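What follows is the residue order along each chain.
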Amino acid sequence: MSENPLKLGTRRSKLAMAQSGQVADAVRRVTGRPVELVEITTYGDTSREHLAQIGGTGVFVAALREALLRGEVDLAVHSLKDLPTAQPEGLVLVAIPPREDPRDVLVARDGLKLSDLVASSPNKVARIGTGAPRRMAQLNAYARAHGLEIETVPIRGNVDTRIGYVRNGELDAVVLAAAGLNRIGRSDEVTDFLSVDTVLPAPGQGALAIECAADNAELIAALAELDDPVTRAAVTAERSLLAALEAGCSAPVGALADLPPSSECLERRNHDADGQIVKEMRLRGVVGTPDGTTLVQLSTTGPVPDTHDAATALGRDLATEMLAQGAAGLMGERAH
Ligand SMILES: NCc1[nH]cc(CCC(=O)O)c1CC(=O)O
């Protein structure tokens, strides 16, 4: 293989630089080639408009993809949860490395947990910053069920900006993804890891995708070992659920496919014809109104899908059930 440096296109944000740097190390290791980061500015990085208004997080991705298609860079690293569900012609997700912690977390004042926030708020209404309809829907539903008074406040910006609202007293807490904080080395600021039973993460949350040109056979072969098939199966099922709900990237949809905890797993393990243990995957989905008055939550469990089609079917079938239970009416405005 040639010794030219591989060019890895990246956004300039702290999070993007951290995850691109980590992937660059892995790519160097498996290819033996030098990797250089190429910074690419996207509209989403410079705009102050709310994400929903500028067409969702897909705006971050478009510029990186254009650079890949023009051959200016060889690789791009994306947060999977920011990727639109349709894969563009000419590009492939060459590797999906093992997923990090998929949970959402709270960074709250005074080290508080979600359940303690309200009691200690001066006006008895905890102000929680998040612009994601998915997080709003589930936090408001939790608050309703537990008699808590919360107000979800739409915010955006990078991690520093978001946590800044808590540090300056404007908000009682903000919601962020654990994985992002881990990757930039700030997980010590987490005050509450939200159970996925309380807030189901975004489809693909905590996972990265490495993308390259579909005709770059040499690179595709070299990077195959960075792929984690179980993570790929999980995020494929989650994104298929999202796609089948016809949801845009700012829609109030949560989805998580995971391997059930080991005790449960032991009971449920079965064997295929060759006596091999077949592990089970559980896919959970939620869609709701941002005010949390209505949530449709369903789950399904089956063998870990071993093909793209099987993973896609798992998500699609759960979406069909959710639609039958009224999910369509909860989707609100669709992002385009
Ligand atoms: N929408 C922004 C975004 N996209 C990916 C992450 C980091 C977590 C991940 O990789 O899933 C974040 C930040 C956040 O939601 O707190």
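Since we're looking at a predicted model, the values are computed, not measured. (Residues numbered from 1 in each chain as written. Predicted model: local features only at pLDDT ≥ 70, side-chain atom pairs only at ≥ 80, totals over all residues.)

## Things to note about the overall build of the protein
Part 1: When its secondary structure is counted, the protein shows 11 helices and 15 strands.
Part 2: Within the protein, buried positions represent 43% of all 336 residues. (Helix = DSSP H or I, 4+ residues; strand = E, 2+ residues; numbered from the N terminus. Buried ≥ 20, exposed ≤ 12 C-beta atoms within 10 Å, placed from the backbone.)

## Section: unusual backbone geometry
Part 1: Look at D110: it is not a glycine, yet its phi comes out positive at around 55°.
Part 2: The topology assignment puts D110 in the loop between β5 (104-108) and α4 (114-117).

## Some details on the site of the ligand
Part 1: Taken together, 10 residues lie around the ligand, and S79, L176, A177, G180 and Q205 are the ones closest in.
Part 2: If you list the elements that add at least two residues to the shell around the ligand, you get β8 (173-177) and α7 (178-183).
Part 3: A per-class count over the shell around the ligand returns 3 nonpolar, 5 polar and 2 charged.
Part 4: In terms of domain composition, the shell around the ligand takes at least three residues from each of domain 1 (6-97 + 207-227) and domain 2 (104-193). (Near = placed C-beta within 6 Å. Nonpolar A, V, L, I, M, F, W, Y, C, P; charged D, E, K, R; others polar. Domains from an automatic or database assignment.)

## Concerning helix α5 (residues 133-145)
Part 1: Between its terminal C-alpha atoms α5 stretches 18 Å, which fits the 18 Å expected from 13 residues at 1.5 Å a residue.
Part 2: Every buried residue belonging to α5 is among P133, R134, R135, M136, A137, Q138, L139, N140, A141, Y142 and A143, and all of these are buried.
Part 3: Within two residues after α5, G147 carries a phi angle of roughly 65°, on the positive side. (Expected span 1.5 Å × (residues − 1).)

## A word on the sheet that holds strand β4 (residues 91-95)
Part 1: Spatially, β2-β1-β3-β10-β4 is the arrangement adopted by the 5 strands of the open sheet, whose pairing is mixed. Edge positions in the sheet fall to β2 (35-39) and β4, since each of these pairs with one other strand and no more. The mean angle between the axes of side-by-side strands here comes to 35°, regardless of whether they run parallel or antiparallel.
Part 2: Note that strand β1 (residues 6-10) and β2 share 5 bridges and pair parallel. Paired with G9 across the strands is V38, a residue of β2.
Part 3: On top of the sheet, helix α1 (residues 14-31) reaches β1, β2, β3 (75-79) and β10 (208-213); it is set at about 160° to β1, its chief contact. (Pairing = 2+ DSSP bridges. Axes fitted to C-alpha atoms, helices over the stretch in contact; angles between N-to-C directions. Contact = placed C-beta atoms within 7 Å.)

## Some words on the confidence of the model for the protein
Part 1: Averaged over all residues, the pLDDT of the protein equals 88, while 85% of them reach at least 70.
Part 2: Every residue in residues 50-55 scores below 50 in pLDDT, and together they form 17 contacts with partners more than four places removed in sequence or on other chains.
Part 3: The complex model carries a pTM of 0.90, and its ipTM stands at 0.94. (pLDDT = per-residue confidence, 0-100.)

## Points about the nonpolar core
Part 1: In this structure, A173, I210, L241 and L245 are the most contacted members of the largest nonpolar core, which totals 83 residues.
Part 2: Per element, the largest residue contribution to this core is 7 residues, and it comes from helix α9 (residues 229-244).
Part 3: Not counting residues within four places of it along the chain, the set of residues in contact with L241 comprises P203, A255, L283, G285, G315, L318 and A319. (Core = buried A, V, L, I, M, F, W, Y, C linked by C-beta atoms within 7 Å.)

## Quick notes on the pairing of strand β11 (residues 253-258)
Remark: a regular strand shows side chains that alternate across the two faces of the sheet.
Part 1: Counting buried positions over the 6 residues of β11 gives 5, a clear majority of the element.
Part 2: Two elements, β11 and strand β14 (residues 280-288), share 6 bridges in a ladder whose sense is antiparallel. Its bridge partner lying in β14, A257 is registered against L283.

## Brief notes about the domain arrangement of the protein
Part 1: Domain annotation of the protein identifies domain 1 (6-97 + 207-227), domain 2 (104-193) and domain 3 (234-330).
Part 2: At the junction of the two partners, domain 2 supplies 10 residues and domain 3 supplies 12 residues.
Part 3: Looking at the side of domain 2 that touches domain 3, its residues break down into 6 nonpolar, 2 polar and 2 charged.

## Digging into the sheet that holds β8
Part 1: On the basis of which strands lie adjacent, the open sheet formed by 5 strands has the order β7-β6-β8-β5-β9 and mixed pairing. Among the strands making up the open sheet, the edge pair consists of β7 (150-153) and β9 (192-193).
Part 2: In this sheet, β7 lies alongside strand β6 (residues 126-129) in parallel orientation, the contact comprising 4 bridges. The residue bridging A126 from the neighbouring strand is I150, located in β7.
Part 3: With respect to the sheet, α5 is in contact with β5, β6, β7 and β8, its orientation differing from that of β7 by roughly 175°.
Part 4: Across the sheet, helix α6 (residues 159-167) touches β5, β6 and β8, and the angle it forms with β8 is around 155°.

## Points about the packing of α9 against helix α11 (residues 308-324)
Each pair of packed helices can be summarised by the angle the axes make with each other and by the distance between the axes.
Part 1: Where α9 contacts α11, the axes come no closer than 7 Å and their chain directions differ by 40°. Regarding the angle of α9 to α11, the classification is oblique. The two elements α9 and α11 cross, and the hand of that crossing is right-handed. Listed contacts from α11 to A233, T236, A237, E238, R239, S240, L241 and A244 of α9 are H308, A311, T312, L314, G315, R316, L318, A319 and T320.
Part 2: Residue classes in the contact of α9 with α11 are distributed as 8 nonpolar, 6 polar and 3 charged. (Parallel < 35°, antiparallel > 145°, perpendicular 65-115°, else oblique. Left-handed = near helix turned anticlockwise from the far one by under 90°.)

## A word on the pairing of strand β15 (residues 295-303)
Part 1: Judged from the 9 bridges that link them, β14 and β15 form a sheet pairing that is antiparallel. Bridge pairing in β15 links M281 to G302.

## Section: the environment of N140
Part 1: With respect to the helices, strands and loops of the structure, N140 is situated in helix α5.
Part 2: On the basis of neighbour count, N140 is assigned to the buried category, with 22 C-beta atoms found within 10 Å.
Part 3: Counting along the chain gives 153 residues from N140 to T293, while the straight-line C-alpha distance between them is 7.7 Å.
Part 4: Here N140 is in contact with I150, T152, D291 and G292, once residues within four sequence places are set aside.

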